[in-house]
Amino acid sequence: MKAAFFRKHGGPEVMEYGDIADPVVLPGQVIVDSPAASGNGADWKVRKGSYAPITDLPYIPGRDFSGVISALGEGVTDFAIGDEVFGVCDVGQEQAYAEKIAIKASIVAKKPKGLSHEECAALALIGLTALISVEDTLQLKKGETILIQGGAGGVASYAIQLAKYIGARVITTTRTENHAYLRKLDADHIIDYNAQDFTKVVSNCDAVFDTVGGDVTQRSFAVLRPGGRAASIAAGQAAPVSPRADVTSLRPKVGRDRPHLERIAALALSGAVRPPEMTIYKLSDAAAAHKVSEGRHFRGKLVFKVR
Ligand SMILES: NC(=O)c1ccc[n+]([C@@H]2O[C@H](COP(=O)([O-])OP(=O)(O)OC[C@H]3O[C@@H](n4cnc5c(N)ncnc54)[C@H](OP(=O)(O)O)[C@@H]3O)[C@@H](O)[C@H]2O)c1
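Chains are numbered independently. Their residues run from 1 in the order of the written sequence. The predicted nature of this model means local features are confined to residues of pLDDT at least 70 and side-chain atom pairs, given and counted, to a pLDDT of 80 or more, with totals for whole chains, interfaces and linings taken over all residues.

Caption draft 1: Summary view of the overall build of the chain. Numbering of helices and strands runs from the N terminus, with a helix taken as a DSSP run of H or I at least four residues long and a strand as a DSSP run of E at least two residues long. In terms of helices and strands, the chain carries eight helices and 15 strands. Here the globule rule reads 2.2 Å times residues to the power 0.38, and the radius of gyration is calculated from C-alpha atoms. On C-alpha atoms alone, the chain measures out to a radius of gyration of 19 Å, which is about the 19 Å that the 2.2 N^0.38 rule sets for 307 residues. Counting other C-beta atoms within 10 Å of each residue's C-beta, where C-beta atoms are placed from the backbone, gives the exposure class: buried for 20 or more, exposed for 12 or fewer, partly exposed between. When burial is assessed residue by residue, the chain has 47% of its 307 residues classed as buried. Here, residues touch in the contact sense if the C-beta positions derived from the backbone fall within 7 Å of one another. Sequence-distant contacts in the chain: of pairs separated by 6 or more residues, those separated by 24 or more amount to 65%.

Caption draft 2: The arrangement of the site of the ligand in detail. The criterion for a residue being near a molecule or strand is simple: its C-beta atom, placed using the backbone, must lie within 6 Å of it. The environment of the ligand is formed by 29 residues, the closest being Gly41, Ala152, Gly153, Val155 and Val254. When residues of the shell around the ligand are traced back to their parent elements, those giving at least two are α1 (41-48), α2 (117-137), α3 (154-166) and β9 (169-174). The leading source of residues in the shell around the ligand is α3, at three residues. Here the residues of the shell around the ligand sort into 12 nonpolar, 14 polar and three charged. Here the shell around the ligand gathers at least three residues from each of two domains, domain 1 (2-124 + 256-305) and domain 2 (125-250). Classification used: nonpolar for Ala, Val, Leu, Ile, Met, Phe, Trp, Tyr, Cys and Pro, charged for Asp, Glu, Lys and Arg, polar for all others including Gly. These domain boundaries are the output of an automatic or database domain assignment.

Caption draft 3: Here's a closer look at the nonpolar core. Of all hydrophobic cores here, the largest spans 84 residues; its most connected members are Tyr97, Ala124, Ile146, Ala159 and Ala163. Take this core: its biggest share by element is 11 residues, from α2. Counting contributing residues, this core receives three or more from each of domain 1 (2-124 + 256-305) and domain 2 (125-250). Setting aside anything within four residues of it in sequence, one finds Ala124 in contact with Asp64, Phe86, Gly87, Val88, Leu261 and Ile264. As used throughout, a nonpolar core is a set of buried Ala, Val, Leu, Ile, Met, Phe, Trp, Tyr and Cys residues joined through C-beta atoms within 7 Å of each other.

Caption draft 4: The arrangement of the pairing of strand β10 (residues 189-192) in detail. For two strands to be treated as a pair, DSSP must find at least two bridges joining them. Where β9 lies against β10, four bridges are found, and the strand directions are parallel. Pairing of Thr174 across the sheet is with Asp192, part of β10.

Caption draft 5: Main features of the sheet that holds strand β12 (residues 224-232). With parallel pairing, the six strands of this open sheet are ordered in space as β10-β9-β8-β11-β12-β13. Lying at the two open borders of the sheet, with one neighbouring strand each, are β10 and β13 (248-250). Direction aside, neighbouring strands of the sheet carry axes that sit 15° apart on average. Axes, fitted as lines to C-alpha atoms, cover a helix only where it is in contact. Angles between the N-to-C directions of the axes lie from 0 to 180 degrees.

Caption draft 6: Expanded view of the packing of α2 against α3. Between α2 and α3, the shortest axis-to-axis distance is 8 Å and the interhelical angle comes to 50°. Taken together, the axes of α2 and α3 lie oblique to each other. Considering only the axes of α2 and α3, their crossing is right-handed. Where α2 abuts α3, its residues Ile126, Gly127, Thr129, Ala130, Leu131, Ser133 and Val134 lie against Gly154, Val155, Tyr158, Ala159, Leu162 and Ala163. Residue composition of the contact of α2 with α3, grouped by class: nine nonpolar, four polar and no charged. Angles are sorted into four bins: roughly parallel if under 35 degrees, roughly antiparallel if over 145, roughly perpendicular if 65 to 115, and oblique for all others. By convention, the crossing between two helices is left-handed when the near helix turns anticlockwise from the far helix through less than a right angle, and right-handed when the turn is clockwise.

Caption draft 7: Structural view of the packing of α1 against helix α8 (residues 286-294). Between α1 and α8, whose axes approach to 9 Å, the crossing angle comes to 105°. Accordingly, the angle class assigned to the pair α1 and α8 is roughly perpendicular. Contacts from Gly41, Asp43, Trp44 and Arg47 of α1 reach α8 at His290, Ser293 and Glu294. Grouping the constituent residues of the contact of α1 with α8 by class yields one nonpolar, three polar and three charged.

Caption draft 8: Representation of the environment of Val46 in the model. Its location among the elements puts Val46 in helix α1. For Val46, a count of 20 C-beta atoms within 10 Å corresponds to the buried category. The sequence separation of Val46 and Arg274 amounts to 228 residues, and the corresponding C-alpha distance is 28 Å.

See the structure below:
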């Protein structure tokens, strides 16, 4: 099969495109022939070696995909060959930048007919992350106010729409260039972080969802009301240490499961949470896509046309 992969950690130029042995289906798994995968911030961090060093090389990165089942492992009874499915590779597994993916059947879901493979690949990990962060971890409620940091990114594009669907008031931060995009997502108050210090114009929030990291994470605690909650997905695997004792700092635990994917599909079909703006790259252009993603000012979602 064709895949995009790297043989050593390094810059975008270490990404290669070529032939790799097909995956073998294990008991409980399915093989998905995937026409679409998406690019996430984690992909270039894995490639750079920002996480644990990878020794099992060449390594195929990539977390979410959408495709068609072409083989069933022993014991898989809830799918048939030809079923259209989408999902996110298991924690620590990856391999979505490839024409074929072997994955546990229990963590994929049927692809809704009303959405394209590209849209499902774009929605899978951002949807999972936003649902687990905003609904399960922050437990955002109707009538509350949330500050979503980094509104133009993929996860935040989903989280803004989800928070509005829940019935919350949404404040978000982005450069001026992205204000029209975030107005389309129905954000209530958009702050240009280059023109205004958000800590001077926002206060008394019930919740903060931080997708930016760095000093943005630390400064975000200031806008919370006493008893407020902050969740960050961009400041490591542990909850950031809060400078305030009267608020809660949380690190969402983003696992993999079918029910969350089914909720993503249902919310998309109902129109409650639509796919983010997508920019499509050929999988053979993974290096160029990584360069853009690594710039940290990419709007919406990178999607790879795999076949
Ligand atoms: N399972 C998990 O824990 C999980 C899952 C998915 C993602 N993540 C992490 O979550 C983070 C977000 O990922 P993502 O893919 O949604 O987006 P991303 O590509 O990492 O972020 C891009 C967005 O960040 C915005 N941004 C950059 N600096 C900013 C600032 N100072 N203030 C406000 N916005 C700023 C940019 O908008 P502007 O152009 O307006 O600056 C851009 O649209 C990443 O760190 C990623 O690794 C974690």
